[in-house]
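# Commentary on secondary and tertiary structure
Chain by chain, the residues run as shown.
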2 protein chains.
Amino acid sequence: MSRQPSAELVQLFQPVEEGLDAMRACLEEQLVESSHAVADMTGHVSRFRGKQLRAALVLLSAKACGTYTAEHPQVAAVVEMIHLATLVHDDILDGAEVRRRVACVNQRWDNQVAVLLGDFLYARAFALSTTLSSRLCSRLLAETTRTLCVGEIEQSSRRYDFDVERETLESIATAKTASLYAAACELGARYPGGPVELGDTMAAFGRELGLAFQLVDDCLDLVGDTKVVGKSTGTDVADGKVTLPVWFTYQASSDEVRAAIRDAYTQPGVEDRAAALKAAVDVGPGVEAALARAKGLLVDAQGRLADLPESPARASLEEITRFVLRRSF
Amino acid sequence: MSRQPSAELVQLFQPVEEGLDAMRACLEEQLVESSHAVADMTGHVSRFRGKQLRAALVLLSAKACGTYTAEHPQVAAVVEMIHLATLVHDDILDGAEVRRRVACVNQRWDNQVAVLLGDFLYARAFALSTTLSSRLCSRLLAETTRTLCVGEIEQSSRRYDFDVERETLESIATAKTASLYAAACELGARYPGGPVELGDTMAAFGRELGLAFQLVDDCLDLVGDTKVVGKSTGTDVADGKVTLPVWFTYQASSDEVRAAIRDAYTQPGVEDRAAALKAAVDVGPGVEAALARAKGLLVDAQGRLADLPESPARASLEEITRFVLRRSF
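Residues numbered from 1 in each chain as written. Chains lettered and ligands numbered in written order. Predicted model: local features only at pLDDT ≥ 70, side-chain atom pairs only at ≥ 80, totals over all residues.

This next bit is on the overall build of chain A. In terms of helices and strands, chain A carries 17 helices and 2 strands. In chain A, which comprises 329 residues, the proportion classed as buried is 54%. Residue pairs in contact within chain A that sit at least 24 positions apart in sequence constitute 75% of those at least 6 positions apart. (Helix = DSSP H or I, 4+ residues; strand = E, 2+ residues; numbered from the N terminus. Buried ≥ 20, exposed ≤ 12 C-beta atoms within 10 Å, placed from the backbone. Contact = placed C-beta atoms within 7 Å.)

Glancing now at the interface of chain B and chain A. Residue-level contacts link 35 residues of chain B with 34 residues of chain A. With 13 residues, the single largest contributor to the side of chain B that touches chain A is helix α8 (residues 136-157) of chain B.

All names here are of chain B. Helix α15 (residues 273-280) packs onto helix α14 (residues 255-266) with a crossing angle of 170° between their chain directions and a minimal axis gap of 8 Å. In terms of orientation, α14 and α15 fall into the roughly antiparallel class. In this structure, α14 uses Val257, Ala260, Ile261, Ala264 and Tyr265 to contact α15, whose residues at the interface are Arg273, Ala276, Leu277 and Ala280. In terms of residue class, the contact of α14 with α15 is made up of 8 nonpolar, no polar and 1 charged. (Axes fitted to C-alpha atoms, helices over the stretch in contact; angles between N-to-C directions. Parallel < 35°, antiparallel > 145°, perpendicular 65-115°, else oblique. Nonpolar A, V, L, I, M, F, W, Y, C, P; charged D, E, K, R; others polar.)

Before going further, it helps to examine the relation of the copies chain B and chain A. Under the fitted operation, chain B is carried onto chain A by 0.0 Å of movement along the axis and a turn of 180°, and the coordinates agree to an RMSD of 0.0 Å. Expressed as a symmetry operation, the mapping of one chain copy onto the other fits a two-fold axis. No C-alpha of chain B approaches the rotation axis more nearly than that of Val115(B), which lies at 3.5 Å. Counting the interface residues of chain B, we find that 97% of their copies in chain A are interface residues as well, pointing to one common contact surface. (Least-squares fit on C-alpha atoms with pLDDT ≥ 70 in both.)

What follows deals with the environment of Ala276(A). All names here are of chain A. Tracing the backbone shows Ala276 in helix α15 (residues 273-280). Each C-alpha atom, one on Ala276 and one on Ile261, is 8.3 Å from the other, the two residues being 15 residues apart in sequence. Dropping the residues within four chain positions of it, Ala276 is found in contact with Ala264 and Val270.

A few words on the nonpolar core. Nonpolar side chains in soluble globular proteins tend to be buried together. With 212 residues, the main nonpolar core has Val79(A) and Val79(B) as its most contacted residues. Apart from the residues lying within four places of it in its own chain, the contact partners of Val79(A) are Arg54(A), Ala55(A), Val58(A), Leu141(A), Leu180(A), Ala183(A) and Ala184(A). (Core = buried A, V, L, I, M, F, W, Y, C linked by C-beta atoms within 7 Å.)

Once that is clear, we can look at the environment of Thr145(A). Looking at the element boundaries, Thr145(A) is found in helix α8 (residues 136-157). The class of Thr145(A) is buried, set by 26 C-beta atoms lying within 10 Å. With residues near it in sequence (within four places) discarded, Thr145(A) still touches Ile82(A), Tyr122(A) and Ala123(B).

A few words on the packing of helix α10 (residues 196-223) of chain B against helix α16 (residues 284-304) of chain B. All names here are of chain B. One can describe the packing of α10 onto α16 by two numbers: an axis separation of 8 Å at closest approach and a directional angle of 160°. Classified by the angle between their axes, α10 and α16 sit roughly antiparallel to one another. Where α10 crosses over α16, the handedness of that crossing is left-handed. Partitioning the contact of α10 with α16 into residue classes produces 17 nonpolar, 1 polar and 5 charged. (Left-handed = near helix turned anticlockwise from the far one by under 90°.)

Attention now goes to unusual backbone geometry. Each neighbour pair has its own omega, and for Tyr191(A) with Pro192(A) the value is 0°, a cis peptide bond. Within the secondary structure, Pro192(A) is located in the loop between α9 (166-190) and α10 (196-223). For Tyr160(A), which is not a glycine, the phi torsion comes out positive at approximately 65°. Locating Tyr160(A) in the fold gives a position in the loop between α8 and α9. What makes Tyr160(A) exposed here is the crowd of 12 C-beta atoms within 10 Å. Located in the positive-phi region is Gln52(B), a residue other than glycine, with phi close to 55°. When the 22 C-beta atoms within 10 Å are taken as the criterion, Gln52(B) is described as buried.

Before going further, it helps to spend a moment on α8(B). Within an α-helix, residues lying three or four positions from one another point in the same direction, as the helix has 3.6 residues per turn. Between its terminal C-alpha atoms α8(B) stretches 32 Å, which fits the 32 Å expected from 22 residues at 1.5 Å a residue. The buried count for α8(B) comes to 19 of 22 residues, which makes it a mostly enclosed element. (Expected span 1.5 Å × (residues − 1).)

So, in structure tokens, the structure goes:
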């Protein structure tokens, strides 16, 4: 059980420390904007910094595959900016009240401006990608951004749907979260234009890692402590999202308990829906089942690295798969 | 006075009819998405179709400059999709109740989904641009999208600011509206990589045309009839936006009337703020001044075409500058 994941990650990111510094410098430069109104907001966003895990995955994948170039930190910055854009727009989506213990953009400003700031970050990311020597980054990330949006839209359309199939839930989570991890690892391995096979292998690694990460996130949202997790919890239930731990719980429940679960999600006047859900049913086994699925994915992910030569970067990638399960539990 | 601008525009678009058909086919194809949830929304968006003026400007500029290629309809589709994305996100911004007499996306769905649909359209546009043979389209439009966002953010930060300078108001309108017109005309003239000078000239044409268009829009929002204009009016005042016709009105007013103008914008409980404003002051002279400014810009825009060889496309571009002033007055 670790309460300092960031200190642990700093250690894991050590093989690409220099590249991450260059990535951060690039990010800062991109967020500077002559407009005062924009500078005020982007200054705020830079405090959203977070784990920068996706950027690190670009760099670690490149190092582990022996394909690292001087442009990789910029590629990593593009990936990170797209992630930042999704975070800013997610704040509108989830109504989350706390994210990384910093007031959300849509609390300091209104929804309008949060929409625009997210758009600005997307545009900045694409503009940066078009200055790179190869078009691979623009192509892959434009496609991935589309996938992210489709995943979010699908998720939104499946709210309050307890009869959804497990495969559908996983493919939504893959689209809305894992696809950016996959793109980060693929770009690390292939940019500016390396072999497709190596890219596919690393994309699979990223996809499995990212899906596992999302499943753990879903569990943390359901049973985690806001102070430990560092962002609001219980938001998925409040937003009507049927996540995998809830899905497992629902599947294993009697008709009577199922009705109580649906009530927790939908009955008017319930203030803390996650608490109501946990009062209606023991979510423990469902959480365990979701974590077991995450564990299986992480074992698969580790297997993807088998053919890479041993290196500090490869060791870090392996360790990150283990870190996913440790974080905040 | 014309109440059928679209019939008039069809006539003006005649020199590029074939290209517009190809653009529309490309747009339809881009909006098709295997996801049912997305298809439902994009089906709705395709009814937002509107004038497709920006797409036509790409094609007419290319024809008028003699630089038309088989890829221009796709370039036009990218421009049109970016415009669609801004419309979808604008509906969140403006709270407009009617746009082109079709229910807004954020009325049929909620704000969350409107954010995602706009993001999807941006991503789709960038993804399409990365499949073109030249990177010019991606580069110019990523940069332009950034400018559009900065313009909107600046405008948002200047709400209720009656002491803003006229130059600032115009540079905001240029960023948030005219920059996409400029990019459309520049891409028409230069794509895939024609002379910079010709691109600059056509960009200036587009910028002046677009700014004039915005100023006329601002006047229509203030004094137009919802049924004629085809979208909600009075929204700028309701949203606290000080547009150029209001700015002229405010500048020419006594201290007492200025206070009444500010009250119309800010006093609690006022239901129809535009009506309150028009009850407090005659906005007619301010509207005339803004239209005079638009007229001046359109004369400048016409001058930009002087060195182009005579052609049906050039004649259409000239006629479009005249159309801007005629529309819906």
